[in-house]
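Spelled out, the chains give:
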Amino acid sequence: TVMNDRLYDVSRKVIDMTANGETVYSPVLYYQPIAWALDIDSSFAGWRSQCTNMLAGAEKLLVLMLDGWAQSIGVRAEIDYATQHDIPIAYLEP
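Bear in mind that the values here come from a model prediction, so they are computed numbers and not experimental data. The residue count restarts for each chain, going from 1 along the sequence in the order it is written. For a predicted model such as this one, the threshold for reporting local features is a pLDDT of at least 70, and the threshold for listing and counting side-chain atom pairs is 80 or more; totals across whole chains, interfaces and linings nevertheless cover every residue. Side-chain figures throughout are based on the complete set of non-hydrogen atoms in the structure, without hydrogens or water.

**Q** I tried to follow the overall build of the protein chain on my own but got confused; where do I start?
**A** Strands here are runs of E lasting at least two residues and helices are runs of H or I lasting at least four, both read from the DSSP assignment and numbered beginning at the N terminus. When helices and strands are tallied, the protein chain shows four helices and two strands. Start at the N end of the protein chain and walk to the C end: the helices and strands fall as α-α-α-β-α-β. Radius of gyration means the value over C-alpha atoms here, while the globule rule gives 2.2 Å times the residue count to the 0.38 power. Taken over the C-alpha trace, the protein chain has a radius of gyration of 13 Å; the compact-globule value for 94 residues is 12 Å, and the two agree within 12%. Expressed as lengths along the three principal axes of its C-alpha atoms, the size of the protein chain is roughly 35 × 30 × 20 Å. When burial is assessed residue by residue, the protein chain has 27% of its 94 residues classed as buried. Sequence-distant contacts, at least 24 apart, represent 58% of the contacts inside the protein chain between residues at least 6 apart. Here the accessible surface of atoms and residues is derived via Shrake-Rupley with a 1.4 Å probe, and residues count as covered only by protein chains that are part of the display. As displayed, the protein chain has an accessible area near 6300 Å², and 53% of this comes from carbon and sulfur atoms. Throughout, exposure labels follow a simple rule: accessible area from a 1.4 Å probe, protein chains only, divided by the maximum for the residue type, with under 20% read as buried, over 50% as exposed, and the rest as partly exposed. We call two residues in contact whenever any of their non-hydrogen atoms come within 4.5 Å of each other.

Set out below in structure tokens:
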């Protein structure tokens, strides 16, 4: 499925980054498995406050530019939040 492919791609990027000494938090890797395990809402609306709370403490927002990233409601909201709170944003190739 598309979500499985995205989780795989994000997982690979996180592993690469942590191997280079970076500390990385990915909402999709954290919340999607919980939603699947408990059969609950996995939409951004259900996780918005958790995502923005984590982003509030972040030194930067990294956007992994997977197919469809620019249309993602969650990614757009995170970019808007980061912009409004002067959190630097970096865009990464997959």
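What follows continues from the structure just given.
**Q** Help me out: how do you make sense of helix H3 (residues 44–56) in this one?
**A** In an α-helix, one full turn covers 3.6 residues, which means residues spaced three or four apart are oriented alike. At Gln-50, H3 is deflected by roughly 30°, the largest bend along its length. Considered for burial, the residues of H3 that qualify are Phe-44, Trp-47, Cys-51, Thr-52 and Leu-55. Buried residues in H3 make contact with helix H2 (27–38), strand E1 (61–64) and helix H4 (73–84). The quantity called bend is, for any residue, the angle between two axes fitted respectively to the seven residues ending at it and the seven beginning at it.

**Q** For this particular structure, what's the right way to read the environment of Gly-46?
**A** Residue position: Gly-46 is located in helix H3. For Gly-46, a relative accessible area of 46% puts it in the partly exposed group. Along the chain, Gly-46 and Ala-35 lie 11 residues apart, while their C-alpha atoms are 9.8 Å from each other.

**Q** What is the right way to look at the nonpolar core in this model?
**A** As a rule of thumb, nonpolar side chains are buried together in soluble globular proteins. The term nonpolar core refers to a set of buried residues drawn from Ala, Val, Leu, Ile, Met, Phe, Trp, Tyr and Cys, joined through side-chain atoms within 4.5 Å. Judged by nonpolar contacts, Leu-55, Leu-61, Val-63, Val-75, Ile-79, Tyr-81, Ala-82 and Ile-87 together constitute the single largest core of eight residues. For this core, the secondary structure elements donating two or more residues are E1 and H4. Tallying contributions element by element places H4 first for this core, with four residues. When residues no more than four places from it in sequence are discounted, the contact partners of Ile-79 are Leu-61, Val-63, Trp-69, Ile-89 and Tyr-91. In this structure, Tyr-31, Ala-35, Trp-47 and Ala-77 belong to the second largest nonpolar core, which totals six residues.

**Q** Looking at this structure, how should I read the confidence of the model for the protein chain?
**A** Detailed reading of predicted coordinates is not advised where the pLDDT is low. Every residue gets a pLDDT, meaning the predictor's confidence in that residue, from 0 to 100. Across the protein chain, pLDDT averages 91, with 100% of residues at or above 70. By mean pLDDT, the top-scoring element of the protein chain is strand E2 (residues 89–92) (97), and the lowest-scoring one is H2 (86).

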